[in-house]
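Fold and geometry: a report
The chain contents come next:
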Amino acid sequence: MSRHMAPVMLGLTAFPLAAIGIAAYLVVSAGPQMLAVAGAILLLACCMLIAVTVAVVKLSRHDAWLWAQQDSLGGLAGKTDDLLARLASVEQRNDDTVTTAQLGAVVADVHKLRRELHDYVAAQPHWRQYGPGAESPVASAPEPKAGKAAGREELTLLLEPVVELASGSTSHYRALVNLADGRGKMIGHDDLMQKADQGGMRAALDLRVVRMVAPVLRRLRNRNPGLRVFVPVGRATLGSQEEASRLLALLQRDGDVAEGMVFEFAQQDLGKLDAAGIENLARLARAGATLALRDVYLGGLDLASLRQLGVRFLSFPPHAVDAGSGPNAAWNDFSKQARALKMQLIVGDVKTPQQASAVSRVARFGHGPFFAPPRKVRPEAGIARAAARQANVA
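Residues numbered from 1 in each chain as written. Predicted model: local features only at pLDDT ≥ 70, side-chain atom pairs only at ≥ 80, totals over all residues. Heavy atoms only, no water.

Thoughts on empty space enclosed by the protein
For the coordinates displayed, the defined rule picks out one cavity of 30 Å³ or more. The wall of the largest cavity is formed by Val210, Ala214, Leu250, Leu251, Asp254, Val257 and Met261. Class assignment for the residues of the lining of the largest cavity results in six nonpolar, no polar and one charged. (1 Å grid on protein atoms, 1.4 Å probe; cavity = no way out; pocket = protein on both sides within 12 Å on 5 of 7 lines; lining within 4 Å. Points joined across faces, edges and corners; volume = space filled by probe spheres on them. Nonpolar A, V, L, I, M, F, W, Y, C, P; charged D, E, K, R; others polar.)

In structure tokens, the structure reads:
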């Protein structure tokens, strides 16, 4: 029972005690003729004492329940503050030292805290007033069935070999990402990029891919210094000065692998960039970044301007080259001009031997199912070497 209720209970107890005293006085002073009245008063006083006793017991139990809830809420508040601090530290860290395991631990803590909050709300008796089957005031996601672990989203990096057509050997790689949505469904690279564009998350996804690629590229270039990895970037990243600055910051941080990273964007995105977006491309070129233009079509391309902008690779879809009769005169002129400007031609998504034979006449590199499928990269690949390199620098 709380302290402010003690005077009230003492006051209520005084009334039945006074009634008992009055009943005793009547019996002593007035004699047997007032015995009935004294008995009635005494019975009323006893009832009042019983009522006061019951009230005291209930209030004591209620106080104990309130203290227990206060302790529970304090524990949940402490866990929430700790979790928010961990999330803030993860968001502020822009390097590749934030591993998938660390992110998974934070996500697991979020699910655990939500389950604890759900259990806490369900255990409160005063919320039963909402009626049978009514939802609690705190919304919560359905709990997973017993025996099944709750899934979580996971981003997976894949590297697709880029083959030199003359020798058939792997010279470079293309970075692709797939997303497992936690329910066993895999979202492929193209669909994921489209959804990220539509949802306004493309810039964040591009930066995440760059962070994933950097340690892997470092390990690969230790074996082959001339190897490059093509990393996709979208118009949302190139068109924003803030996002382009973040991309530049990543390049400066990983200067030892910046030369091996090629930022690949679509020709249709190039046509939609405004003056600020073109300036961002120029900033990337001045910082030493290599650019690649994909989904290229022959019409309307100023190769000299693209070369000055930092574009070194041009990637075509296979249908851009006639697989039946081979390249025509326009293709031959285009390839000669590209070679004169030291720009390399790539044909992607090659699926058949006929396509491979046709594209080898105009392009130096190719990729697609005909050559080799994308290879999944282990989440920890390159991390140990990056940690060792940072330790040596320190």
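Regarding the layout of surface pockets
Of the voids in this model, the second largest pocket is the one considered here, and its volume is about 810 Å³. Of all the secondary structure elements, the ones that give two or more residues to the lining of the second largest pocket are β1 (154-164), β2 (170-180), α4 (189-198), β5 (261-266), α9 (267-272) and β7 (311-316). Broken down by element, the lining of the second largest pocket gets its largest block of residues, five residues, from α4. Each residue belonging to the lining of the second largest pocket can be placed in one class, and the counts come to 13 nonpolar, nine polar and 13 charged. (Helix = DSSP H or I, 4+ residues; strand = E, 2+ residues; numbered from the N terminus.)

Here's the deal with the pattern of salt bridges
Within this structure, the stated rule accounts for 14 salt bridges. Glutamate 164 is the salt-bridge partner of arginine 364, the closest N and O atoms lying 3.3 Å from each other. Of this pair, arginine 364 sits in the loop between α13 (353-359) and β9 (365-366) while glutamate 164 sits in strand β1, and the two are 200 residues apart along the sequence. We note a salt bridge from arginine 218 to aspartate 254, for which the minimum N-O separation is 3.2 Å. Of this pair, arginine 218 sits in helix α5 (residues 202-223) while aspartate 254 sits in the loop between α7 (241-253) and α8 (255-258), and the two are 36 residues apart along the sequence. For arginine 218, a relative accessible area of 4% gives the class buried. Because the salt bridges share partners, they merge into one network encompassing Arg218, Arg253, Asp254 and Asp256. (Salt bridge = Lys/Arg side-chain N within 4 Å of Asp/Glu carboxyl O. Buried < 20%, exposed > 50% of the residue type's maximum accessible area, 1.4 Å probe, protein only.)

Description of the environment of phenylalanine 230
Position of phenylalanine 230 among the secondary structure elements: in strand β4 (residues 229-232). Residues phenylalanine 230 and glycine 260, spaced 30 residues apart in sequence, show a C-alpha to C-alpha distance of 8.6 Å. Ignoring sequence-local partners within four residues, the contact set of phenylalanine 230 consists of Val162, His172, Tyr173, Arg174, Ala175, Val262, Glu264, Ala292, Phe313 and Ile346. (Contact = heavy atoms within 4.5 Å.)

A few points about the packing of aromatic side chains
All told, the structure shown has five aromatic pairs when counted by the stated rule. Ring centres of phenylalanine 230 and phenylalanine 313 lie 5.0 Å apart, and the angle between their planes is 80 degrees; on these two criteria the pair is classed as edge-to-face. Placement of phenylalanine 230 in strand β4 and of phenylalanine 313 in strand β7 is noted, with a sequence separation of 83 residues between them. In this pair, the class of phenylalanine 230 matches that of phenylalanine 313, namely buried. Three or more aromatic residues joined by ring pairs form one cluster here, namely Phe316, Trp331 and Phe334. (Phe/Tyr/Trp six-rings, centres within 6.5 Å; stacked < 30°, edge-to-face > 60°.)

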